Amino acid sequence: MGKARCFSFRQRVYDVSTQHHDPYKRYTTFRRILRSICPESGKDNEIAPLDFTTPARFDNHYYLNILQGEGLLGSDNVLVTQDHEGELIGQVWAYASNQKLFFDAFAKSIVKMGNINVLTGNEGEIRKNCNHLDKLTKEDLLPTCRQEA
């Protein structure tokens, strides 16, 4: 059910220097699909689904894609290509082969995220654009002193 913008994966679709290490280069049909959505330049905001098989359904197919070398984002593919100890790939296989296990783990993670305390005051930042830090002003750089009432 997730999507990514072209700028998130374009470089890997067109960069031939990573040909032997990158799943995009091995799976030419997948690469052709991505190139049809995301041209070599422009259209940065065009989007592609994280899962081309069931893009509008919440299921475990995302993990099947990763095992087939068809993870859309580089971080997806790293789960299996850079896991030298085999711990992550074992989890990917478990979720790919058992949708109930994935759903149960997902539900637990959502509960954990719901218990994360919200940052308040000067502890956090509300961004206007989630991809970038807001520009700091001179006042932001000055030390802040608070007096106790």
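Above this text sits the structure in question.
Residues numbered from 1 in each chain as written. Predicted model: local features only at pLDDT ≥ 70, side-chain atom pairs only at ≥ 80, totals over all residues. Heavy atoms only, no water.

### Concerning the overall build of the chain
Along its length, the chain carries eight helices and two strands. The order of α-helices and β-strands along the chain, N terminus first, is β-α-α-α-β-α-α-α-α-α. Within the chain, the fraction of its 149 residues that count as buried is 23%. In the chain, the share of contacts with a sequence separation of at least 24, taken over all contacts with a separation of at least 6, comes to 55%. (Helix = DSSP H or I, 4+ residues; strand = E, 2+ residues; numbered from the N terminus. Buried < 20%, exposed > 50% of the residue type's maximum accessible area, 1.4 Å probe, protein only. Contact = heavy atoms within 4.5 Å.)

### Describing the pattern of salt bridges
Proximity of charged atoms lets side chains of opposite charge pair with each other. In the structure shown here, the tally under the stated rule is two salt bridges. Note that D59 and R57 form a salt bridge whose closest N and O atoms lie 3.3 Å from each other. (Salt bridge = Lys/Arg side-chain N within 4 Å of Asp/Glu carboxyl O.)

### Here we look at the state of the cysteines
Working definition: the covalent bond between the sulfur atoms of two cysteines is a disulfide. Applying the stated criterion to the full structure yields one disulfide. The disulfide partner of C6 is C38, and the gap between their sulfur atoms is 2.4 Å. Remark: C38 occurs in the loop between α3 (28-37) and β2 (47-49) and C6 occurs in the loop between β1 (3-5) and α1 (10-14); sequence separation between them is 32 residues. The same class applies to C6 and to C38, which are both buried. (Disulfide = S-S within 2.5 Å.)

### Describing the environment of L72
One can find L72 in the loop between α4 (61-67) and α5 (74-81). Using a relative accessible area of 0% as the deciding quantity, one classes L72 as buried.

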